[in-house]
Amino acid sequence: DLWAKNEEGRIHGLIVERGMEGFSTPETHNKWSLRASATGELIFDDVKVPKENLIGTLNEGWNIAKFLLTHERQMIGGIGETDIRKEVHEVAIENLPINSKGLISDGVLRSQISDFEIDEEIFELTIQRITDEAKTGNNSGALSSFFKYYGTELNIKRQELLMAVTGTDSLIWEENEKSDGDLARKFCRSKGNSIEGGTSEIQLNIISKLILGLPTK
């Protein structure tokens, strides 16, 4: 899909399909980090898009885009996530020295992991509460910015801690006998969370204005 302004400055969503006259993608490149999607240049040369390829109602494109952006921010924040992953402390126990009490010997790192996992648990409980409220018809609205911002910060912190507890092995980019390179790619990818779906600075502005009700000046 493509989102663009017309001559009147109104935003519309259009479905541009492969094979349409004037539309081409000359070269596609693989992405860094998770390599989740392809990246390539899109060339539009007098492309004619039929009316039936309009997304939604005429002149309502911006409202649709904002609605989709809300869901994108919730997704980036972790709402609806179902994959099971190791807790940071579990990875730490596998990679760090353990003292006679069964605790991670590095007290500073142990404290950082504890603080992170407490914050992560609180965030997950908050997501569950908002999800339950959504089932009753309560729209999360501006809360999507909160989830996007805090979920982003948690993910960045998680990747930083995983790099810290696994040491130099976590720096390996390509797969070998010691690592599959996943940690390094996820660490780099986590930085993108602070940009996609609206930067963290934009989310903080929305939170301050629409959730906290703080003055804009």
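Residues numbered from 1 in each chain as written. Predicted model: local features only at pLDDT ≥ 70, side-chain atom pairs only at ≥ 80, totals over all residues. Heavy atoms only, no water.

Examining the pairing of strand β2 (residues 11-14)
Step number 1: Both strand β1 (residues 2-5) and β2 contribute to a ladder of four bridges, which runs antiparallel. Residue pairing in the sheet places W3 in a bridge with G13 of β2.
Step number 2: The hairpin turn running from β1 into β2, its antiparallel successor, is five residues long, and G9 in that turn takes a positive phi close to 85°.
Step number 3: Across two bridges, the pairing between β2 and strand β7 (residues 54-55) is antiparallel. Residue pairing across strands places L14 opposite L54, the latter belonging to β7. (Pairing = 2+ DSSP bridges. Helix = DSSP H or I, 4+ residues; strand = E, 2+ residues; numbered from the N terminus.)

Quick word on the pattern of salt bridges
Pairing between side chains becomes possible if they bear opposite charge and their charged atoms approach one another.
Step number 1: In total, this model carries four salt bridges according to the counting rule given.
Step number 2: A salt bridge links E196 to R189, with the shortest nitrogen-to-oxygen separation between them at 2.7 Å. (Salt bridge = Lys/Arg side-chain N within 4 Å of Asp/Glu carboxyl O.)

Quick look at unusual backbone geometry
Glycine aside, residues mostly have negative phi, and peptide bonds are mostly found in the trans state.
Step number 1: Positive phi outside glycine occurs at D46, with the angle close to 55°.
Step number 2: Counting through the fold element by element, D46 comes out in the loop between β6 (43-44) and β7.
Step number 3: Judged by its relative accessible area of 66%, D46 falls in the exposed class. (Buried < 20%, exposed > 50% of the residue type's maximum accessible area, 1.4 Å probe, protein only.)

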